[in-house]
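# Inside the fold
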Amino acid sequence: MTLTSPTRAPAAAAPITEAAAAAPRRRRRPLAAVGTVLKRSVAIVAFLLLWEFAPRLGWVDSTFLSPFSEVITAWWGLATSGELWTNVQASLTRSLSGFAIAIVVAVPVGLLIAWYRHVEEVFSPLFAIFLNTAAVALLPVFTLVLGIGETSKIAIIAYASFWPVLYNTIGGAKNVDPLLIRSARSFDIGSLALFRKVILPAALPTIFTGIRLAGAASILVLITTEFVGAKAGLGYLISSSQFNFQIPQMYAGILTVATIGVAFNYLLVAIERRFSRWRPAQ
């Protein structure tokens, strides 16, 4: 008679917890972030490599297009001497002053025009004329009226930044869902509370689009104004470097302007997300 060993029952599978299921996803997130950064950097790296080697290989005249490494060396020299930061401070003071004035004036005016149709009908033809008149074309007028000092520069930056904010504010406020307005009015809230709690939050994404356009306009017009009658600023640095045939320094100034513009845009995007947390993720 043979004895058979009893068969063992299969062990029960351990339950998969939510934390264990989420672990692979957490591990994939850094890899996805790295992949996104690499994908977005390819074009920039290729452009910088072309900038570096095109003058060295004789594809373009290195006298007029310095290699990227020489531009970085010139930028570092300007930074360590303090000259770059003096010009950056002067430019940012002008740009941010005009930009802030434009926002403070354009947003309330845009909401007012969007709310009162008769005001829009009266001022729309005049606004259309100014909107289609380039700010740079009015630079001599601002200079003659306000002089060549800081006032005229800040004023024309505010003028150029005003229109994108104004028209996007009007468009955002006019396109608010009427159902939201009727629902709010059913609770007998006042006009000021209606603006603050319904119209302004609903119009905020469109308003921020105008603010971002205004930020780009403020940088563009700033550089143009500093070409004339300025003793400091990035536009002055670029212009004086060109006249003195300091080409690497000229490109260093241009590179600084581009960097500030990109950083300014990302800052505005971050602020928009901060004030639009109620919106669903895109």
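The present account deals with the structure reproduced in this document. Fair warning: this is a prediction, and the values are worked out from it, not measured in the lab.

## As for the packing of helix 2 (residues 68-81) against helix 3 (residues 83-115)
Viewed as axis vectors pointing N to C, helix 2 and helix 3 meet at an angle of 80°, and their least axial separation amounts to 4 Å. When the axes of helix 2 and helix 3 are compared, the pair comes out roughly perpendicular. In contact with Trp-75, Leu-78, Ala-79 and Ser-81 of helix 2, helix 3 contributes Glu-83, Leu-84 and Trp-85. Among the residues making up the contact of helix 2 with helix 3, the classes are represented as five nonpolar, one polar and one charged.

## Some thoughts on the packing of aromatic side chains
This structure, assessed with the given rule, holds 13 aromatic pairs. Measuring from centroid to centroid gives 5.1 Å for Trp-51 and Phe-68, while their planes differ by 55°, and the two rings are tilted. Taken as a pair, Trp-51 in helix 1 (residues 18-56) and Phe-68 in helix 2 lie far apart in primary sequence, 17 residues in all. Assigned by exposure class, Trp-51 and Phe-68 land together as buried. Both rings, one in Phe-64 and one in Phe-245, keep their centres 6.3 Å apart while their planes meet at 85°; by these two values the pair is edge-to-face.

## So, empty space enclosed by the protein
On inspection of all chains with the given rule, the structure shows one cavity of 30 Å³ or more. Quantified by volume, the largest cavity comes out at close to 40 Å³. Lining the largest cavity we find Ser-91, Leu-92, Ile-219, Leu-222, Ile-223, Leu-234, Val-257 and Ile-260. Elements that contribute at least two residues to the lining of the largest cavity include exactly helix 3, helix 8 (191-226) and helix 10 (247-275). Of the residues forming the lining of the largest cavity, the biggest block, three residues, is contributed by helix 8.

Cut-offs used in this document
- Residues numbered from 1 in each chain as written.
- Predicted model: local features only at pLDDT ≥ 70, side-chain atom pairs only at ≥ 80, totals over all residues.
- Heavy atoms only, no water.
- Axes fitted to C-alpha atoms, helices over the stretch in contact; angles between N-to-C directions.
- Helix = DSSP H or I, 4+ residues; strand = E, 2+ residues; numbered from the N terminus.
- Parallel < 35°, antiparallel > 145°, perpendicular 65-115°, else oblique.
- Contact = heavy atoms within 4.5 Å.
- Nonpolar A, V, L, I, M, F, W, Y, C, P; charged D, E, K, R; others polar.
- Phe/Tyr/Trp six-rings, centres within 6.5 Å; stacked < 30°, edge-to-face > 60°.
- Buried < 20%, exposed > 50% of the residue type's maximum accessible area, 1.4 Å probe, protein only.
- 1 Å grid on protein atoms, 1.4 Å probe; cavity = no way out; pocket = protein on both sides within 12 Å on 5 of 7 lines; lining within 4 Å.
- Points joined across faces, edges and corners; volume = space filled by probe spheres on them.

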